[in-house]
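The chain contents come next:
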Amino acid sequence: MSTPRQPTGGTGGAGGRRPVAKGAAPRLTPRGQAGKAQPPKAQPAKPQPARSKQPPKAQPPKAQPPKAQPPKSQTPKAQSAKAQPPKAQSARARDPQAAGRSARTPQQRRPEGRSPLRGQAPGRPRPKPRPAQRPQPKAIRLADPRRRLRVVTVALSLVFSVFAGRLVQLQLLDSDALAADANTNRYLDIPITAERGSITSADGVALATTVDAYDITADPAMFTPEAAGIPDAPEQAAALLAPILGLPKEKIAADLHTPKTRYKRLAAQQTPDVKNQISDLKSGLEKQAGSRACAAQKRLLSKAVDEGGRTRLDNECVNPLAGVFNRETQKRVYPSDGLAANLVGFVNAEGEGAGGLESQYQKVLAGKDGHSSYAQAGGRLVPTAGGSLDPAVPGTDLRLTVNRDIQWAAQRAITDQVANAGAEKGYVIVQDVKNGQVLAMATSPGFNPNDLSTAKSSQLGNPALQDAYEPGSTAKLMTMAAVLDTGKATWDTKVTVPYPLVRGDVAFKDDVWHDTWYLTLAGVLAKSSNIGTIEAAQTLGATQPEANKVLHDYLRKFGIGEQTGLGFPGETPGILDKAEDWKASKQYTIPFGQGLSVNALQATSVFSTIANGGVRVAPSVVQGTTAPDGRFTPAAPGAQSRVVSEQTAKTLTEMLESVVTDEQGTGGKAAIPGYRVAGKTGTANRVDPKTGGYRGYTASFIGFAPADAPRVTVSCVIQDPVNGHFGGQLCGPVFKQVMEFTLKTLQVPPSGSEAPNLPVEWKP
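Owing to the predicted nature of the structure, the values given are computational and were not obtained by experimental measurement.

**What to know about helix H24 (residues 727-745)**
Part 1 of the reasoning: The end-to-end C-alpha distance of H24 is 26 Å, a good match for the 27 Å that 19 residues give at a rise of 1.5 Å each.
Part 2 of the reasoning: Of the residues making up H24, those classed as buried are Gly727, Gly728, Leu730, Cys731, Gly732, Val734, Phe735, Val738, Met739, Thr742 and Leu743.
Part 3 of the reasoning: The elements touched by buried residues of H24 are helix H15 (404-421), strand E12 (425-432), strand E22 (678-687), strand E23 (694-705) and strand E24 (712-719).
Part 4 of the reasoning: Backbone geometry just after H24 places Gln747 at a positive phi near 55 degrees.

Set out below in structure tokens:
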């Protein structure tokens with residue numbers, strides 16, 4: 001029999017024995033040696049209940065209660081003694097004597113991880129010790145769940161009944177009214193302003209155009225105490241906007257106190273700078289009002305005061321500009337400032353033409369406005385709520401006959417001379433003699449349509465078309481045309497000019513005192529004799545009434561007494577009474593230009609008619625229109641009519657040259673080196689529009705060049721000058737300056753022949 005090995009004292013297998021190889025038969029330990037395994041003395045074994053003598057059935061051993069477990073401090077030997085191989089236990093169970101030899105101590109389980117002793121079967125793993133059981137609390141008796149279920153069911157039924165009733169009311173009974181109210185309060189209908197057409201010069205450069213601008217608008221419903229959270233939201237907003245918009249804060253506040261409308265325009269056509277100022281201010285206030293403290297105040301607005309609620313917000317928690325918006329629109333601007341302003345005109349604050357061509361062609365330029373409808377909440381667009389859009393149709397562009405360079409030269413010349421003469425005003429017109437197109441129409445004083453606040457109301461019109469004045473000696477051209485065209489006289493007809501000439505009870509005089517003049521008909525025109533013109537007009541008929549009738553007919557054919565055909569707003573047709581109404585002295589004054597009135601374009605057109613070989617072409621200032629699709633449509637040419645014969649026109653042209661070239665002529669200051677010039681001075685008593693009587697003078701000069709091949713006509717009129725009053729003295733230099741510039745701009749070659757220099761006097 002082999003001696004068992006001594007334990008090595010580790011915490012490994014029991015007794016330090018090696019584990020038995022798998023499949024090997026275990027070694028049996030002698031009984032004597034097995035009996036030596038005693039429990040440790042330090043801790044006596046607890047008594048175990050008596051075990052049944054019956055052999056155990058093939059069942060797994062029951063788990064022992066925690067109290068029956070041996071203490072952890074047992075020695076390895078004791079643990080080894082208790083760990084019996086299963087076969088040995090089976091043998092004892094079969095031997096009743098062995099079972100009764102001694103009281104059995106509870107078998108101790110081998111420590112976890114140790115191998116069984118040799119000759120022993122491996123035992124069951126030792127279960128982990130269970131913690132001590134805590135005292136169990138008393139069981140809670142639950143309520144009856146069926147009763148709770150019934151209460152919840154009844155409560156939910158009541159809630160759903162209320163919801164169902166409300167849905168029936170909203171969707172069936174009040175649906176139409178609520179939908180209408182929702183649309184009224186939710187949808188905004190915003191007009192879309194059509195882009196206004198441009199007005200350009202003949203070369204396509206803009207004289208009036210449209211740029212982006214902004215209308216400052218508001219939703220007055222957002223300024224009510226209920227919506228804003230404060231009682232004085234309109235006043236606070238007005239105080240912030242007034243300095244930026246330059247408007248009285250009382251007016252702004254009044255506009256915001258109209259809650260029945262959802263749209264109010266506070267200021268129109270503001271610059272992007274103004275819009276940005278308001279947007280920045282609004283953003284700052286919105287950020288301040290969006291703080292946590294302010295959000296808490298807003299929540300308290302819905303509670304009653306006795307429950308801790310609030311009736312208003314603190315000022316720092318309110319954005320009084322929340323209901324202020326901006327709408328993109330257009331603004332009319334005039335890039336050349338006051339260039340041709342009296343002709344082009346201006347628009348009012350509503351963007352509608354209020355003067356000049358802007359007013360005359362309002363429908364053409366304005367286009368067709370559209371509108372946009374969209375849903376909003378708190379001033380913000382709701383993109384999923386739908387809406388409608390009716391796009392605007394842009395206006396049509398207007399191209400004028402005006403040449404920018406010639407317009408600038410004419411405007412500068414008349415402005416300087418009006419200032420030098422201390423005159424009330426003056427105007428210059430440049431017209432193409434072939435087609436009647438106006439190349440320039442300048443007025444002084446003018447105005448800047450970009451800033452109407454600096455202009456007087458009297459400066460906003462166009463006096464070149466709206467002033468009716470007595471032309472004076474420039475009208476003598478029409479009298480001479482009638483005499484020559486009817487064959488009553490020729491350019492060299494001898495005329496004796498006494499001083500004075502008595503007709504009826506009136507003594508007529510010339511501008512200067514003189515002895516009796518012996519003049520040709522050309523001399524009468526050159527020296528601008530009133531007396532000689534009266535004598536020439538008397539030859540038109542056997543009697544004075546017959547002569548009056550003939551002259552009246554020629555005046556009408558020249559366009560006197562009727563509008564020019566431009567259709568310009570406020571244009572005057574002038575004054576020309578019927579021939580039978582020429583009574584007393586009027587029948588003698590009309591031949592030399594007093595007793596009838598014209599506008600400056602009518603007077604200019606008379607000279608253009610002679611320059612065009614006796615054919616009158618109706619004046620025009622519009623060259624054509626350009627539609628939004630880019631298609632250009634030229635304007636219809638001016639109507640033409642023959643007034644005098646070509647020969648008469650040629651003779652009158654030579655007679656007019658004598659006014660400029662002859663030493664005794666009154667228009668020497670209008671001469672242009674290299675070009676033959678035909679023209680006539682005018683000095684007339686001026687009718688004071690305030691009193692209706694004569695006061696002051698109207699100085700003028702009208703002529704065309706080159707006289708041998710006429711191209712353009714230039715007229716100059718100065719009203720009520722102080723420093724001088726003769727037409728040749730004041731307007732002669734203006735004519736020369738403008739005509740020289742025009743001929744060079746149009747590249748008109750100089751004259752190829754000398755002036756005829758018709759004799760102006762004869763010796764008796």
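There's more to say after this.
**Let's talk about the sheet that holds E22**
Part 1 of the reasoning: Spatial ordering of the open sheet is given by E13-E12-E24-E23-E22, a layout of 5 strands whose pairing is antiparallel. Two strands close off the open sheet at either side, each with one partner strand: strand E13 (438-444) and E22. The average angle at which neighbouring strand axes cross in this sheet is 10 degrees, direction not considered.
Part 2 of the reasoning: Pairing analysis gives 9 bridges linking E22 to E23, with the strands arranged antiparallel. Counterpart to Ala678 in the pairing with E23 is Phe704.
Part 3 of the reasoning: Docked against the sheet, helix H23 (residues 646-661) engages E22 and E23, running at close to 75 degrees with respect to E22.

**What about the environment of Ala268?**
Part 1 of the reasoning: Mapped onto the elements, Ala268 comes out in strand E4 (residues 264-270).
Part 2 of the reasoning: Distance from Ala268 to Glu350, taken between C-alpha atoms, is 7.2 Å for residues 82 residues apart in sequence.
Part 3 of the reasoning: Contact partners of Ala268, with chain neighbours within four places excluded, come to Tyr214, Asp215 and Ala349.

**A short note on the packing of aromatic side chains**
Part 1 of the reasoning: Applying the stated rule across the entire model yields 8 aromatic pairs.
Part 2 of the reasoning: Centre to centre, the rings of Tyr518 and Trp762 are 5.2 Å apart; their planes meet at 75 degrees, and the pair counts as edge-to-face. With Tyr518 in strand E17 (residues 517-520) and Trp762 in the segment after H24, the pair connects residues that are 244 residues apart, well separated along the chain.
Part 3 of the reasoning: On the accessibility criterion, Tyr518 (31% relative accessible area) is partly exposed.
Part 4 of the reasoning: A cation over a ring is seen here: Arg399 above Phe632, with NZ or CZ 4.3 Å from the ring centre.
Part 5 of the reasoning: When the ring centre of Trp517 is taken as reference, the NZ or CZ atom of Lys527 above it lies at 4.4 Å.

**Thoughts on unusual backbone geometry**
The phi torsion of most residues other than glycine is negative, and most of the peptide bonds are trans.
Part 1 of the reasoning: At the junction of Ser444 and Pro445, the peptide bond is cis and its omega measures out at 0 degrees in the coordinates.
Part 2 of the reasoning: Considering the arrangement of structural elements, one finds Pro445 in the loop between E13 and helix H16 (463-466).
Part 3 of the reasoning: With omega at -5 degrees, the peptide bond leading from Tyr499 into Pro500 counts as cis.
Part 4 of the reasoning: Despite not being glycine, Ser528 has its phi angle at roughly 55 degrees, a positive value.
Part 5 of the reasoning: By secondary structure assignment, the location of Ser528 is in the loop between helix H18 (521-526) and helix H19 (530-537).

**Some words on the pairing of strand E3 (residues 206-218)**
In regular strands, side chains alternate between the two faces of the sheet.
Part 1 of the reasoning: Taking burial as the measure, the 13 residues of E3 include 10 buried ones, the bulk of the element.
Part 2 of the reasoning: In sequence, strand E2 (residues 199-200) turns back onto E3 through a hairpin of 5 residues, with Gly204 there showing a positive phi of about 90 degrees.
Part 3 of the reasoning: Bridge count between E3 and strand E5 (residues 324-333): 10 bridges; the pairing is antiparallel. Paired with Tyr214 across the bridge in E5 is Glu328.

**Things to note about the packing of H15 against H24**
Part 1 of the reasoning: Two elements in contact, H15 and H24, have axes separated by 10 Å at closest approach and are oriented at 165 degrees. Relative to H24, the element H15 is oriented roughly antiparallel. Between H15 and H24 lies a crossing whose hand is right-handed. Here H15 contributes Asp405, Ile406, Ala409, Ala410, Arg412, Ala413, Gln417 and Ala421 to the contact with H24, which in turn contributes Gln729, Leu730, Val734, Gln737, Val738, Phe741, Thr742 and Thr745.
Part 2 of the reasoning: Looking at the contact of H15 with H24 residue by residue, the class counts come to 9 nonpolar, 5 polar and 2 charged.

Cut-offs applied
- Residues numbered from 1 in each chain as written.
- Predicted model: local features only at pLDDT ≥ 70, side-chain atom pairs only at ≥ 80, totals over all residues.
- Heavy atoms only, no water.
- Helix = DSSP H or I, 4+ residues; strand = E, 2+ residues; numbered from the N terminus.
- Expected span 1.5 Å × (residues − 1).
- Buried < 20%, exposed > 50% of the residue type's maximum accessible area, 1.4 Å probe, protein only.
- Contact = heavy atoms within 4.5 Å.
- Pairing = 2+ DSSP bridges.
- Axes fitted to C-alpha atoms, helices over the stretch in contact; angles between N-to-C directions.
- Phe/Tyr/Trp six-rings, centres within 6.5 Å; stacked < 30°, edge-to-face > 60°.
- Lys NZ or Arg CZ within 6 Å of the ring centre and 35° of its normal.
- Parallel < 35°, antiparallel > 145°, perpendicular 65-115°, else oblique.
- Left-handed = near helix turned anticlockwise from the far one by under 90°.
- Nonpolar A, V, L, I, M, F, W, Y, C, P; charged D, E, K, R; others polar.

Taken by themselves, the reported measurements are silent on function.
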